[in-house]
Amino acid sequence: MAVEPLSQKEIEDRLAELPGWSVDDAGRLTRSYRLGSHVAAAALVMHVAAVQDELDHHSDLVLGYNTVSLSVHTHSAGGALTAKDFALAHRVEDIAPGHGGH
């Protein structure tokens with residue numbers, strides 16, 4: 001099934017539903033989280049990895065001492081942003097400590 005790139009308006013509308021997320025200069029959907037400890041940050045990486053496997057859609061994850069940064073786009077859509085990227089972002093928001101609950 002082909003995944004269609006989102007229009008700029010669709011991207012802006014979906015970003016409005018995801019406070020803290022943005023589109024970087026390379027056109028990737030990005031977010032960083034600061035957690036209470038390195039162990040908490042590492043645990044979030046593991047949870048995100050499990051969600052990514054479930055969705056079969058994977059971001060770049062960077063683990064810092066107490067931070068986790070994600071960036072994602074859809075390779076099969078030529079590196080554009082698609083609904084798959086925003087679905088992943090919503091799932092990450094749902095599991096990130098202190099950020100979920102919608």
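In this text, all values refer to a predicted model and were calculated from it rather than measured experimentally. (Residues numbered from 1 in each chain as written. Predicted model: local features only at pLDDT ≥ 70, side-chain atom pairs only at ≥ 80, totals over all residues. Heavy atoms only, no water.)

**Quick word on the pairing of strand E3 (residues 60–63)**
Bridge count between E3 and strand E4 (residues 67–72): 4 bridges; the pairing is antiparallel. Paired with Asp60 across the two strands is Ser71, which belongs to E4. Counting the residues between successive antiparallel strands, the hairpin from E3 to E4 contains 3 residues. (Pairing = 2+ DSSP bridges. Helix = DSSP H or I, 4+ residues; strand = E, 2+ residues; numbered from the N terminus.)

**Quick notes on helix H3 (residues 83–95)**
With 13 residues, H3 extends 19 Å between its outermost C-alpha atoms, agreeing within 8% with the 18 Å of an ideal straight helix rising 1.5 Å per residue. Turning to H3, its buried residues number three or more, namely Asp85, Phe86, Leu88, Ala89, Val92 and Glu93. Down the axis, H3 shows its buried residues gathered within 155° of arc, on one side only. Residues of H3 that are buried sit in contact with helix H1 (8–16), strand E2 (29–34), helix H2 (38–55) and E4. (Expected span 1.5 Å × (residues − 1). Buried < 20%, exposed > 50% of the residue type's maximum accessible area, 1.4 Å probe, protein only. Arc of directions from axis to C-beta. Contact = heavy atoms within 4.5 Å.)

**Looking at unusual backbone geometry**
Backbone geometry places Asp56, a non-glycine residue, at a positive phi of 55°. Its place among the elements puts Asp56 in the loop between H2 and E3. Asp56 gets classed as exposed once you look at its relative accessible area, which sits at 57%.

**Describing the nonpolar core**
Nonpolar side chains in soluble globular proteins tend to end up buried together. Trp21 and Tyr33 are the most contacted members of the largest nonpolar core, which totals 21 residues. Residue assignment for this core shows that the elements contributing at least two residues are E2, H2, E4 and H3. Considering every element that reaches this core, the biggest residue donor is H2, with 5 residues. Those residues in contact with Trp21 that sit more than four places away from it in its chain are Leu15, Leu29, Thr30, Arg31, Tyr33, Leu70, Ala89, Val92 and Glu93. (Core = buried A, V, L, I, M, F, W, Y, C linked by side-chain atoms within 4.5 Å.)

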